[in-house]
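What follows is each chain in one-letter form.
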Amino acid sequence: MPRRPLLFSLLLLFSFLLLVACSVHDQGYSLPAQHPPEADLGRNRPTCTDCHEERGGPLAFADFNHTAYFAESHRNAAGRNVQVCNMCHQPSFCNTCHATGIELKPSVKNQSDTYSRTPHHGDYLSRHRIDGRIDPGSCFRCHGNPKAARTCAPCHG
Amino acid sequence: MNSPCGKLVRRFGFLCGVCGLLLSAPTVAGAMEVRLNSQTLLLFMQRNTSTSADASVIPLYEYLQADIGARSTRGLSFHFYGWAREDLNDSDYYKDNPDGELLYGYLNYSRPFNNLNLRLGRQYVIGGLANNSIDGLSLQTDLGPDFVLSIYGGLPVAFDTTAGRSGDSIFGGRLVWHSDSLHEVGLSYQKTSNDGSTEDQRLGLDLTLALPAGVNLSGRSTYNLESDGFGENFYEARFALSDFNFRTFFENYTYADYFAPGKQTPNPFYVLNRGGEAQTNFGGDVVWRMSSDWEFGAKTKFYTYDVNSSSAAYYSGLITWHGQDLTQIGGEVGTMQGDAADNKYILSRAFFYWDRPAGLPLAFISGDLLYAAYDQPIYGQDNSFFASLGAGQRFLDDRLELKLSGDYSSDPYFDSDLRTMLVANYRFDY
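Cut-off values and rules
Residues numbered from 1 in each chain as written. Chains lettered and ligands numbered in written order. Predicted model: local features only at pLDDT ≥ 70, side-chain atom pairs only at ≥ 80, totals over all residues. Heavy atoms only, no water. Buried < 20%, exposed > 50% of the residue type's maximum accessible area, 1.4 Å probe, protein only. Helix = DSSP H or I, 4+ residues; strand = E, 2+ residues; numbered from the N terminus. Arc of directions from axis to C-beta. Contact = heavy atoms within 4.5 Å. Buried area = accessible area lost by both parts, 1.4 Å probe. Salt bridge = Lys/Arg side-chain N within 4 Å of Asp/Glu carboxyl O. Polar contact = N/O pair within 3.5 Å; in protein donor to acceptor, adjacent residues only side chain to side chain. Domains from an automatic or database assignment. Core = buried A, V, L, I, M, F, W, Y, C linked by side-chain atoms within 4.5 Å. Phe/Tyr/Trp six-rings, centres within 6.5 Å; stacked < 30°, edge-to-face > 60°. Lys NZ or Arg CZ within 6 Å of the ring centre and 35° of its normal.

With respect to helix α8 (residues 136-143) of chain A
Along α8(A), the residues classified as buried are A:P136, A:G137 and A:F140. Take α8(A) and look down its axis: the buried residues cluster within an arc of 95°, on one side only. Residues of α8(A) that are buried sit in contact with α7 (124-134) of chain A together with α2 (255-258) and β15 (278-289) of chain B.

Structure follows, in structure tokens:
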């Protein structure tokens, strides 16, 4: 057997055993599957730090405060710990925006929910010409694959 | 099956399928926790199609979600979400689009021990570099109190439209080291292949650190292993002072490394990885909760470029009054000020949502107004106006909600566009 694959296999085996050893050592904080229902969150955007400490406990709750701009700035917090999101939101909630193909844009699918600051509100087709020139990365994050870019295809090919 | 008779049969079958599933739910639910959410939307609008102008387009959408099994506790469960559409007027407006899609359908197994979570099937994976829909397997587990490991692999759903699925693959993972909420450092890797060739391969670093004075620093960097360069660096600091929540951020994108150079990168993005451009943005926002009723916000974002000598800035402010439950009245004004005249606009929005209006037999009334003014006309028009009015009522202990809304838009793309929508949301819990 050649040396390199053998070394790689041994390294992989060692890493796996190390991970198994770590996993049986001790348990960390276990998130509940759902936010406790007895803590009535109401129907408005929740401010986690109204009840929880900002940090110091198991979670940095301040990162998940649903401020007026949270819809635009939740990427970092959700990308690190999506399980926190899942305590209140079903994956289908995320799929309203994050999906390979949902066809209806969020502000149309939930048109009468005017309290939610959904992206692409109103006549975004006109504004996207400017936003796309200035910050194409913001488009790419959601439309940067062949399926999600179907909405771009009629004009952009 | 494309004959009028065939379409009628297909349409009837579509409606029967949805109704049958909803009606049979109580029987199925006898043995386990079941939750069904059905959102049925009927739109009416006029659009130009390839064969006629101002053709009536009447799409009927069904978005169906099912969650079966352990929901409030951990254990085995099945989750499904998908949609289908049928144009009741048989126009060819949607001829290039699929008639539906399975967004997810997976078996989930979770245990409290080590926060073990195992998913098999179509799922959306989020975490570190991952922001993908896959057909495959994902696993997440704690490794003791300080480490978390997540791995996933399978077929990338986004690539199934071209040349089939042969040779397509996606796999990756993330290892996190954390100490309660004081710090967290994640290392992630993702590789996608299309038709047997590597499409994209990246390394990611994400972190959050608790700094003195209650400042929280977090961010991420992404390294493109195919082009050997950092594609993205994004870092933000958040802190609170009394009733004010502050956030400042800095982000940098190197186009050649950020816009994936693979052949699957769609238009209009694939051209961006040529030309050596890099973009740096910075800015911040502040939200002031003056009281439980009043909320104020302000935001600014500056855009600069390495190659393009122009720059841009966005400024906005918002105000919201909160009443009982979801009752709200709010407004927002923003302006994009690019160096170039065609990169300037002013945007204003006002909205209201009246929850459980007293004296009216309705669950809510809502309205939305949006006006944008463009410095340079787009297709000969330098402004756009959008208005929406909606109302709804709930029945069967709020399990069934009916909503009716009408939208009007006058903008560079539509002289005068009227769209109406009827929505029926049905929720079944057992």
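Some details on the interface of chain A and chain B
Facing 88 residues of chain A, the contacting portion of chain B comprises 130 residues. With both sides pooled, the region where chain A packs onto chain B buries about 9200 Å², and carbon together with sulfur makes up 50% of that total. The largest per-residue losses of area from chain A upon contact with chain B belong to A:R43, A:Y69 and A:I134, which jointly make up 8% of the total buried on that side. The tally of links between chain A and chain B comes to 10 salt bridges. The closest approach of N and O atoms between B:E101 and A:R150, which form a salt bridge, is 3.2 Å. Taken together, the connections running from chain A to chain B amount to 40 residue pairs in polar contact (both at pLDDT 80 or more).

As for the domain arrangement of chain A
Domain annotation for chain A reports domain 1 (42-89) and domain 2 (101-157). Relative to domain 2 of chain A, the C-alpha centre of domain 1 of chain A lies at a distance of 25 Å.

Considering the nonpolar core
The biggest cluster of nonpolar side chains holds 20 residues, and the ones touching the most others in it are A:I134, B:Y303, B:M336 and B:Y345. Elements represented by at least two residues in this core include exactly α7 of chain A together with α2, β16 (294-305), β17 (312-322), β19 (344-355) and β20 (364-378) of chain B. It is β20(B) that contributes the most residues to this core, four residues altogether.

Re the packing of aromatic side chains
Each aromatic ring pair is characterised by the separation of its centres together with the angle its planes make. A full pass over the atoms with the stated rule returns 28 aromatic pairs over all chains. When the ring of B:W294 is compared with that of B:F296, the centres are 6.3 Å apart and the planes differ by 15°; the resulting orientation is stacked. Assessed through its relative accessible area of 33%, B:W294 is described here as partly exposed. One aromatic cluster in this structure is built from A:F140, B:Y253, B:Y255, B:Y258, B:F259 and B:F269. In this structure, A:R75 is placed above the aromatic ring of B:F234, and the distance from its NZ or CZ to the ring centre is 5.4 Å. Lying across the ring of B:Y94, B:R85 places its NZ or CZ 3.9 Å from the centre.

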